[in-house]
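Geometric and topological summary
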Amino acid sequence: MKMISNNPHYAADLNISPFFKKNEKNFINILSSKQLNTLDDLSMLDIFLSKDHIIEPHYHPNASELTYCVSGSATISIMNIDTKLFQHYTITAGQVVNIPQGWWHYQIAHTDDTHLQGIFNANTPEVVLGSDILTATPTDVFAYSYGINEQQWATAVNDISPTQLIGPPTE
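The shown structure was predicted, so the numbers you read here are calculated from the model rather than taken from an experiment.

**A look at the overall build of the protein**
A tally of regular secondary structure across the protein gives 3 helices and 12 strands. For the protein, the proportion of its 171 residues judged to be buried stands at 36%. Counted over contacts in the protein with a minimum sequence separation of 6, partners at least 24 positions apart contribute 71%. Carbon and sulfur atoms form 56% of the exposed surface of the protein, whose accessible area is close to 9700 Å². Across the protein, the 7 positively charged side chains and the 17 negatively charged ones have centroids separated by 5 Å.

Take a look at the structure:
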């Protein structure tokens, strides 16, 4: 049983708990045990996207994710790590997609004011972002691993910002 501090919190305001902000229409708020110390193996991301914006490809090594559509429409794409095949689910208000722990996935909004909630079975979901893998791995490693031209690869990934999270880039 989890020990709760001498000052337990049973309510929180996600509007004052930012996780990532691209702009006024594309941002994510977070709720974890850091904001609400009575949570046990549960956390949530409150995601707001405008049309054609994407939560970049990523995975969660420590949690499964249930993505719930509050409003708007989005496609949730998940890759089965055993078969390497993608499954694509377009959801609207009231619909959900379950993303197993460790599965590569991304979400794309089809309407303005798309509101999704990602609910996790971990106190704080860990995230490994595609942009971080691409920008943190030395270019010579990709060139050697895949037999590609290092300079071409370096040029191809040069404009990728680390920790993109919500794309496409503003420019």
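**Some words on the packing of helix α2 (residues 139–146) against helix α3 (residues 150–157)**
Contact geometry for α2 and α3: axes closest at 9 Å, N-to-C directions at 125°. In terms of axis orientation, α2 runs oblique to α3. In this structure, α2 meets α3 at a crossing whose hand is right-handed. Within the contact between the two elements, α2 uses Thr139, Asp140, Phe142 and Ala143 and α3 uses Glu150, Trp153 and Ala154. Across the contact of α2 with α3, the residue classes tally to 4 nonpolar, 1 polar and 2 charged.

**Re the pattern of salt bridges**
Considering all chains together, one arrives at 1 salt bridge under this definition. The salt bridge involving Lys21 is made with Glu24; its shortest N-O contact spans 2.8 Å. When its relative accessible area of 62% is taken as the criterion, Glu24 is described as exposed.

**Comments concerning the sheet that holds strand β5 (residues 65–71)**
Strand order in the open sheet formed by 6 strands is β1-β2-β3-β10-β5-β8, with antiparallel pairing between adjacent strands. Edge positions in the open sheet fall to β1 (18–23) and β8 (96–99), since each of these has one partner strand only. When the angles between neighbouring strand axes are averaged without regard to direction, this sheet yields 15°.

**A closer look at the nonpolar core**
Core analysis: the largest hydrophobic core is formed by 23 residues, its most contacted members being Ile28, Ile47, Leu49, Ile76 and Leu116. Of all the elements in the fold, those that place two or more residues in this core are β2 (26–31), β3 (43–49), β6 (73–79), β8 and β10 (114–120). Non-local contacts of Leu116, meaning those with residues more than four positions away in its chain, are made with Leu45, Asp46, Ile47, Leu49, Thr67, Tyr68, Cys69, Ala74, Ile76, Ile91 and Gln107. Of all hydrophobic cores here, the second largest spans 5 residues; its members include Leu31, Leu36, Leu39 and Met44.

**Some remarks on the packing of aromatic side chains**
Scanning the model with the defined rule gives 5 aromatic pairs in all. Taken together, the ring pairs connect Phe142, Tyr146 and Trp153 into an aromatic cluster.

**A word on empty space enclosed by the protein**
A full pass over the atoms with the stated rule returns 1 cavity of 30 Å³ or more. One number sums up the size of the largest cavity: a volume of about 120 Å³. If you go around the largest cavity, you meet 14 residues; those closest to its centre are Leu45, His58, His60, Val127 and Leu165. Those elements giving two or more residues to the lining of the largest cavity turn out to be β3, β4 (54–59) and β9 (104–109). Counted by class, the lining of the largest cavity contains 9 nonpolar, 4 polar and 1 charged residues.

Thresholds applied
- Residues numbered from 1 in each chain as written.
- Predicted model: local features only at pLDDT ≥ 70, side-chain atom pairs only at ≥ 80, totals over all residues.
- Heavy atoms only, no water.
- Helix = DSSP H or I, 4+ residues; strand = E, 2+ residues; numbered from the N terminus.
- Buried < 20%, exposed > 50% of the residue type's maximum accessible area, 1.4 Å probe, protein only.
- Contact = heavy atoms within 4.5 Å.
- Areas by Shrake-Rupley, 256 points an atom, 1.4 Å probe, with all protein chains shown as cover.
- Lys, Arg positive; Asp, Glu negative; His and termini not counted.
- Charge placed at Lys NZ, Arg CZ, Asp CG, Glu CD.
- Axes fitted to C-alpha atoms, helices over the stretch in contact; angles between N-to-C directions.
- Parallel < 35°, antiparallel > 145°, perpendicular 65-115°, else oblique.
- Left-handed = near helix turned anticlockwise from the far one by under 90°.
- Nonpolar A, V, L, I, M, F, W, Y, C, P; charged D, E, K, R; others polar.
- Salt bridge = Lys/Arg side-chain N within 4 Å of Asp/Glu carboxyl O.
- Pairing = 2+ DSSP bridges.
- Core = buried A, V, L, I, M, F, W, Y, C linked by side-chain atoms within 4.5 Å.
- Phe/Tyr/Trp six-rings, centres within 6.5 Å; stacked < 30°, edge-to-face > 60°.
- 1 Å grid on protein atoms, 1.4 Å probe; cavity = no way out; pocket = protein on both sides within 12 Å on 5 of 7 lines; lining within 4 Å.
- Points joined across faces, edges and corners; volume = space filled by probe spheres on them.

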